[in-house]
Amino acid sequence: MRKSAAQALGDLKACGRDRQEEMVEHLTIALADEEPPVRVAAANVLGRLKSLKALDPLILALKDKYPWVRCAALRALKEIPEEKSKHALQSSLSDKAPQVAITAMELIKEVMGRRALNILLESLRHPHPQVVIQGIRCIKAFKGRKVIEALKGLLQHEEEEVRQQAMSVLKEARLSR
C-alpha cells in the first residue's frame, strides 16, 4: 500500500511547483520507511522529480542495509546533475555489494562519458570479481596506454574469469588496430 502511494505521488509530477515540493517532502520521509520496497519506490520517484531537496536524503539512502535500495538511490542521484551527486556515485564504487558497485560504475560511465576513465580504472581494484569484470567491460570502449596497462595488470588476477575477460579485451584491442 505505501509503495503504491509513493509511486502515485510520482504520477502527480505535472502538478504545480508548491505541490511538487510537498511531494518531495513526503517522499524523503518514505526513504526511511520500514519496508524496503517503499524506500525503493520513493527513490525512483525522487529521481524522476529531480529536486535538489532530495539530494541529501538520497545520499543518506546510500547507507541503507539493502543493496537494491542503495541502487535505486544511485539511479535517482544520477538524475540530479550536481557535483555532490557525482561524488556519491563515485564513492559507491567501493560498496561491498557487487550490484551497488556495478550500478555506480554504469551510471558514472553514462553521466561522465570519456571523463570517467580514471574513475572506472579504480573499479578494477574492487575485491569482488564480478565488479572487476564489469569494470573491464566498461573501460573496453576507451583506447590508450592506460587501459592496456590496466588490462595487462589483470592478467595476474587471482580469479580466472577476470584474467580471461582481460585477455579477451586485449585481443579485441589488438585486432582493431
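Look above for the structure.
Residues numbered from 1 in each chain as written. Predicted model: local features only at pLDDT ≥ 70, side-chain atom pairs only at ≥ 80, totals over all residues. Heavy atoms only, no water.

Student: Any chance you could explain the packing of aromatic side chains here in plain terms?
Tutor: Note on aromatic pairs: each is described by the distance of the centres and the angle between the planes. The final tally for this structure, using the stated rule, is 1 aromatic pair. Taking the centre distance of 4.9 Å and the plane angle of 40 degrees together, the rings of tyrosine 66 and tryptophan 68 count as tilted. (Phe/Tyr/Trp six-rings, centres within 6.5 Å; stacked < 30°, edge-to-face > 60°.)

Student: Please clarify how the nonpolar core should be interpreted in this entry.
Tutor: Soluble globular proteins tend to bury their nonpolar side chains together. With 58 residues, the main nonpolar core has Leu58, Ile108, Leu120, Ile136, Ile139 and Leu151 as its most contacted residues. Among the elements that make up this core, the one with the highest residue count is helix α7 (residues 98-112) (8 residues). Apart from residues lying up to four places away in sequence, leucine 58 is in contact with Leu31, Ala43, Leu46, Ala73, Ala76, Leu77 and Ile80. (Core = buried A, V, L, I, M, F, W, Y, C linked by side-chain atoms within 4.5 Å. Buried < 20%, exposed > 50% of the residue type's maximum accessible area, 1.4 Å probe, protein only. Helix = DSSP H or I, 4+ residues; strand = E, 2+ residues; numbered from the N terminus. Contact = heavy atoms within 4.5 Å.)

Student: Sorry, what's going on with the side chain of serine 85 here?
Tutor: Of note, serine 85 is situated in helix α6 (residues 83-91). Judged by relative accessible area, serine 85 falls into the buried class, the value being 2%. A distance of 3.4 Å separates a polar side-chain atom of serine 85 from the backbone oxygen of leucine 77. Those residues in contact with serine 85 that sit more than four places away from it in its chain are Leu55, Leu77 and Ile80. (Polar contact = N/O pair within 3.5 Å; in protein donor to acceptor, adjacent residues only side chain to side chain.)

Student: I keep staring at helix α10 (residues 145-154) and nothing clicks. Help me out?
Tutor: Structurally, the α-helix is built with 3.6 residues per turn, so residues lying three or four positions apart point the same way. Looking only at α10, the buried set comprises Val147, Ile148, Leu151 and Leu154. Angular distribution of buried residues about the axis of α10 spans 120 degrees; they occupy a single face of the element. (Arc of directions from axis to C-beta.)

Student: How should a negative patch on the surface be read in this particular structure?
Tutor: Side chains of Glu158, Glu159, Glu160 and Glu161 sit close together on the surface and give a patch of like negative charge. With respect to the helices and strands, the residue glutamate 161 is situated in helix α11 (residues 160-175). (Patch = residues over 30% accessible without salt bridge, like charges linked within 9 Å, V, L, I, M, F, W, Y side chains within 5 Å. Areas by Shrake-Rupley, 256 points an atom, 1.4 Å probe, with all protein chains shown as cover. Salt bridge = Lys/Arg side-chain N within 4 Å of Asp/Glu carboxyl O. Lys, Arg positive; Asp, Glu negative; His and termini not counted. Charge placed at Lys NZ, Arg CZ, Asp CG, Glu CD.)

Student: Help me out: how do you make sense of α6 in this one?
Tutor: Residues Ser85, Ala88 and Leu89 constitute the buried set of α6. Buried residues of α6 fall within an arc of 100 degrees about the axis and therefore sit on the same side. Buried residues along α6 sit against α4 (55-61), α5 (67-78) and α7.

Student: Even after reading the chapter, I still don't get the pattern of salt bridges, so can you show me in this structure?
Tutor: Pairs can form between side chains of opposite charge once their charged atoms are near each other. The final tally for this structure, using the stated rule, is 10 salt bridges. The shortest N-O distance in the salt bridge between aspartate 95 and arginine 70 comes to 2.9 Å. Of this pair, aspartate 95 sits in the loop between α6 and α7 while arginine 70 sits in helix α5; the two residues are 25 residues apart in sequence, bridging distant segments of the chain.

Student: Could you clarify how one ought to interpret the packing of α6 against α7 in this entry?
Tutor: The description of two helices packed together rests on the angle between their axes and the distance between the axes. The contact between α6 and α7 brings their axes to 8 Å, and the two run at 140 degrees. Considered as vectors, α6 and α7 are oriented oblique to each other. Relative to α7, the crossing made by α6 is left-handed. Seen from α6, the contacting residues are Lys86, Leu89 and Gln90; seen from α7, they are Ala104, Leu107, Ile108 and Val111. Here the residues of the contact of α6 with α7 sort into 5 nonpolar, 1 polar and 1 charged. (Axes fitted to C-alpha atoms, helices over the stretch in contact; angles between N-to-C directions. Parallel < 35°, antiparallel > 145°, perpendicular 65-115°, else oblique. Left-handed = near helix turned anticlockwise from the far one by under 90°. Nonpolar A, V, L, I, M, F, W, Y, C, P; charged D, E, K, R; others polar.)

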